[in-house]
Amino acid sequence: MSAAIAGGVLFSAVPAQAAPAADQGSVSARGPITCNIPKMRQQVDSLKSKAAKLDKLGQHKSAEKEREKARALQKRIERCQDADTNDPGPIGG
């Protein structure tokens, strides 16, 4: 981390590694959030399949982590579907 003093005010720069990446779950107000539900469903199936394989290999903790990812993604799918269902549309439309 670097810091500089200008006019009695301390300015500091945060290293790039400390800043959150855009693909790590941060939400941007720049545009609408889109959900590719078919792709997300494929990911859920893939995670569940991976969990089953890990269980067969005796790696139960890793399998549970994959199942947790699948559950979280399924909840996200449900939120996307709910948003589509409950979207009032444009004002005055």
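Our structure's up above, just so we're on the same page.
Bear in mind that the values here come from a model prediction, so they are computed numbers and not experimental data. Position numbers for residues count from 1 along each chain, tracking the sequence in the order it is written. Local features in this predicted model are restricted to residues whose pLDDT is 70 or higher, and side-chain atom pairs enter the listing and the counts only when it is 80 or higher, whereas totals over whole chains, interfaces and linings include all residues. The basis for every side-chain value is the complete set of non-hydrogen atoms in the structure, without hydrogens or water.

Focus on the packing of helix 1 (residues 37–56) against helix 2 (residues 60–86)
At step 1: Angles run from 0 to 180 degrees between N-to-C directions of axes, and those axes are lines fitted to C-alpha atoms, restricted for helices to the stretch in contact. Every helix listed is a DSSP run of H or I at least four residues long, and every strand listed is a run of E at least two residues long, numbered separately from the N terminus. Remark: helix 1 packs on helix 2, axes separated minimally by 8 Å, with the N-to-C direction vectors making an angle of 165°. Taken as axis vectors, helix 1 and helix 2 run roughly antiparallel relative to one another. Regarding helix 1 and helix 2, the two cross each other, and that crossing is left-handed.
At step 2: When residues are sorted by character, Ala, Val, Leu, Ile, Met, Phe, Trp, Tyr, Cys and Pro go into the nonpolar class, Asp, Glu, Lys and Arg into the charged class, and all the rest, Gly among them, into the polar class. Considering only residue class, the contact of helix 1 with helix 2 consists of 11 nonpolar, five polar and eight charged. Angular relationships are summarised with four words: roughly parallel below 35 degrees, roughly antiparallel beyond 145, roughly perpendicular across 65 to 115, and oblique for the angles in between. Should the near helix be turned anticlockwise from the far one by less than a right angle, the crossing is left-handed, and should it be turned clockwise, the crossing is right-handed.

Observations regarding the state of the cysteines
At step 1: Two cysteine sulfur atoms form a disulfide, by the criterion used here, when they sit within 2.5 Å. Here the structure, examined in full by the defined rule, presents one disulfide.
At step 2: Two residues, C35 and C80, share a disulfide whose sulfurs are 1.8 Å apart. One quick way to see it: the torsion about the S-S bond of C35 and C80 is about -60°, and its sign makes the bridge left-handed. Taken as a pair, C35 in the loop between strand 2 (9–13) and helix 1 and C80 in helix 2 lie far apart in primary sequence, 45 residues in all.
At step 3: Exposure classes here rest on a 1.4 Å probe applied to the protein chains alone. A residue is buried below 20% of its type maximum, exposed above 50%, and partly exposed in between. By relative accessible area, which is 32% here, C35 ends up partly exposed.
At step 4: Under the relative-accessibility criterion, C80 is labelled buried at 9%.

So, the side chain of E66
At step 1: Locating E66 in the fold gives a position in helix 2.
At step 2: Accessibility expressed as a relative area gives 8% for E66, which makes it buried.
At step 3: Working rule for contacts: check all heavy atoms of both residues, and any pair within 4.5 Å makes them a contact. In this view, E66 contacts L47, K50, A51 and L54; residues no more than four positions away in its chain are not counted.

Things to note about the nonpolar core
At step 1: Counting residues in each nonpolar core, the largest one holds eight residues, listed as I37, M40, V44, L47, A70, L73, I77 and C80.
At step 2: Those elements giving two or more residues to this core turn out to be helix 1 and helix 2.
At step 3: Discounting chain neighbours no more than four positions away, the residues touching I77 are I37, M40, R41 and V44. Note on terminology: a nonpolar core comprises buried Ala, Val, Leu, Ile, Met, Phe, Trp, Tyr and Cys residues joined through side-chain atoms within 4.5 Å.

Let's talk about the pattern of salt bridges
For side chains bearing opposite charge, pairing can occur when the charged atoms are close.
At step 1: In the sections that follow, a salt bridge refers to a side-chain nitrogen of Lys or Arg positioned within 4 Å of a carboxyl oxygen of Asp or Glu. Considering all chains together, one arrives at five salt bridges under this definition.
At step 2: In this structure, E64 and R67 form a salt bridge, with 3.3 Å as the shortest nitrogen-oxygen distance. Here R67 and E64 lie together in helix 2, a separation of three residues that amounts to about one turn.
At step 3: Judged by relative accessible area, which is 36%, E64 ranks as partly exposed.
At step 4: A single network of salt bridges, built from pairs that share partners, joins D55, E64, R67, E68 and R71.

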